[in-house]
Amino acid sequence: MKYKFLIAISVSLLPNYTFAGLQVDVNSEPGTICFSEQNQNPGAYPYRVVLCGPVDMYGDDLSYYGDGACDSDLTLGEFEVGSCYLGVRDGYVVFCDGVGEGEITCDYCDIPNKGEVISDWGELGNNIVGRTLCGDVGGDDVFASENNWTCDVDFTAEYEYGCAAGYYQSAGTGASMTCTRCPSSGGVYGTNSVGTTAITSCYMPSGSSFSETSGSGTYIGNCYYVN
């Protein structure tokens with residue numbers, strides 16, 4: 001019995017942070033301290049729940065928030081990235097970061113610049129592709145500072161159109177453009193990169209063979225179309 005009594009004492013003396021870790025999720029209120037260790041140690045610089053929005057402003061890739069998601073087993077001692085991603089709620093990106101009281105939350109939200117690509121090329125039909133660019137972004141830094149841990153900004157999207165790989169723009173504009181297959185040489189069609197529109201972007205790739213009235217052979221470099 002004495003031996004068991006000593007074990008009970010040793011367990012009760014273990015510090016609380018042994019079992020501490022992430023204590024928030026995507027539904028936690030902005031400003032909530034993310035890790036229980038930081039609640040137990042007032043001197044620690046806390047990571048808090050931060051909201052950045054609108055989520056559409058960030059497009060396809062949220063990797064700029066750190067090296068990964070805030071895992072439920074993540075502890076402060078394992079937290080070696082500048083932030084971690086909790087999810088999306090009510091149009092906001094929700095994550096943990098070290099935004100201090102009085103700091104401008106938007107400074108931590110990595111807001112894209114005007115014209116920055118925020119989505120990959122997507123098929124729109126008829127060999128037309130489109131992607132989204134960041135348009136005008138506006139916000140009030142004073143408002144963002146007074147409302148800690150939430151960044152509200154106005155955002156407008158811009159759209160860019162192009163042709164699928166192997167096609168060029170032969171007529172029309174925007175979503176109504178006509179995309180025509182790159183010219184051929186000896187029955188072999190040229191190619192180009194997705195999104196390009198000029199016929200001069202079409203080329204016969206290096207190493208491909210050709211055969212025509214003037215002879216046959218192999219291209220030793222990319223051979224571009226010339227108007």
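To be clear, the structure that these remarks concern was listed above.
Worth saying up front: this structure is predicted, and the values here are computed from it rather than measured.

1. Here's the deal with the nonpolar core
Piece 1. Formed by 15 residues in total, the largest nonpolar core has its most connected members in Val50, Cys52, Tyr58 and Cys151.
Piece 2. Elements supplying a minimum of two residues to this core: β1 (48–52) and β3 (92–97).
Piece 3. Apart from the residues within four sequence positions on either side, Val50 is in contact with Val93, Val94, Phe95, Asp97, Val99, Thr105 and Trp149.
Piece 4. Grouped together as the second largest cluster of nonpolar side chains are 13 residues, Val24, Leu51, Cys70 and Val94 included.

2. What about the sheet that holds strand β4 (residues 122–125)?
Piece 1. An order of β4-β5-β7 is seen for the three strands of this open sheet, with the pairing classed as antiparallel. Two strands close off the open sheet at either side, each with one partner strand: β4 and β7 (154–163). Shown here is a sheet whose adjacent strand axes are inclined to one another by a mean of 45°, direction ignored.
Piece 2. The pairing of strand β5 (residues 128–138) with β7 spans nine bridges and is antiparallel. Residue pairing across strands places Ile128 opposite Cys163, the latter belonging to β7.

3. Regarding the pairing of strand β9 (residues 178–181)
Consecutive side chains of a regular strand alternate in pointing toward one face of the sheet and then the other.
Piece 1. Sheet analysis places strand β8 (residues 167–171) next to β9, joined by four bridges and oriented antiparallel. Bridge pairing in β9 links Ala171 to Thr178.
Piece 2. Remark: six residues form the turn of the hairpin made by β8 and β9, two consecutive strands paired antiparallel; Gly172 in that turn has positive phi of roughly 75°.

4. Quick look at the packing of aromatic side chains
Piece 1. The final tally for this structure, using the stated rule, is one aromatic pair.
Piece 2. With a centroid separation of 5.0 Å and an interplanar angle of 40°, the aromatic rings of Tyr203 and Tyr224 are classed as tilted. Separated by 21 residues along the polypeptide, Tyr203 in strand β12 (residues 203–204) and Tyr224 in strand β15 (residues 223–224) bring together distant segments of the chain.

5. Concerning the side chain of Asn148
Piece 1. Structurally, Asn148 can be placed in the loop between α3 (141–146) and β6 (150–151).
Piece 2. Residue class for Asn148 comes out buried when judged on its relative accessible area of 18%.
Piece 3. Reaching out from Asn148, the side chain makes a polar contact with the backbone nitrogen of Gly102 at a distance of 3.3 Å.
Piece 4. Sequence-distant contacts of Asn148, that is, excluding residues within four places in its chain, are made with Glu101, Gly102, Glu103 and Thr105.

6. A word on the sheet that holds strand β2 (residues 83–89)
Piece 1. Taken together, four strands build an open sheet; the order of strands is β2-β3-β1-β6 and the sheet is mixed. If you trace the sheet from one side to the other, it starts and ends with β2 and β6, each paired once.
Piece 2. In terms of strand pairing, β1 meets β3 through five bridges, oriented antiparallel. Opposite Leu51, over in β3, you have Val94 as the bridge partner.

7. Let's talk about the state of the cysteines
Piece 1. Per the stated rule, a full pass over the model turns up six disulfides.
Piece 2. The disulfide bridge from Cys52 ends at Cys109, spanning 1.7 Å between sulfur atoms. One quick way to see it: the torsion about the S-S bond of Cys52 and Cys109 is about -70°, and its sign makes the bridge left-handed. Placement of the pair is Cys52 in strand β1 and Cys109 in the loop between β3 and β4, with a sequence separation of 57 residues.
Piece 3. Look at Cys109 and you get buried, because its relative accessible area is 0%.
Piece 4. In this model, Cys163 is linked to Cys179 through a disulfide, with the two sulfur atoms separated by 2.1 Å. One quick way to see it: the torsion about the S-S bond of Cys163 and Cys179 is about -80°, and its sign makes the bridge left-handed. Placement of the pair is Cys163 in strand β7 and Cys179 in strand β9, with a sequence separation of 16 residues.
Piece 5. Across the chain, the way the bonded cysteines pair up, counted in sequence order, is 1-5, 2-7, 3-4, 6-8, 9-10, 11-12.

Thresholds, definitions, all that
- Residues numbered from 1 in each chain as written.
- Predicted model: local features only at pLDDT ≥ 70, side-chain atom pairs only at ≥ 80, totals over all residues.
- Heavy atoms only, no water.
- Core = buried A, V, L, I, M, F, W, Y, C linked by side-chain atoms within 4.5 Å.
- Buried < 20%, exposed > 50% of the residue type's maximum accessible area, 1.4 Å probe, protein only.
- Helix = DSSP H or I, 4+ residues; strand = E, 2+ residues; numbered from the N terminus.
- Contact = heavy atoms within 4.5 Å.
- Pairing = 2+ DSSP bridges.
- Axes fitted to C-alpha atoms, helices over the stretch in contact; angles between N-to-C directions.
- Phe/Tyr/Trp six-rings, centres within 6.5 Å; stacked < 30°, edge-to-face > 60°.
- Polar contact = N/O pair within 3.5 Å; in protein donor to acceptor, adjacent residues only side chain to side chain.
- Disulfide = S-S within 2.5 Å.

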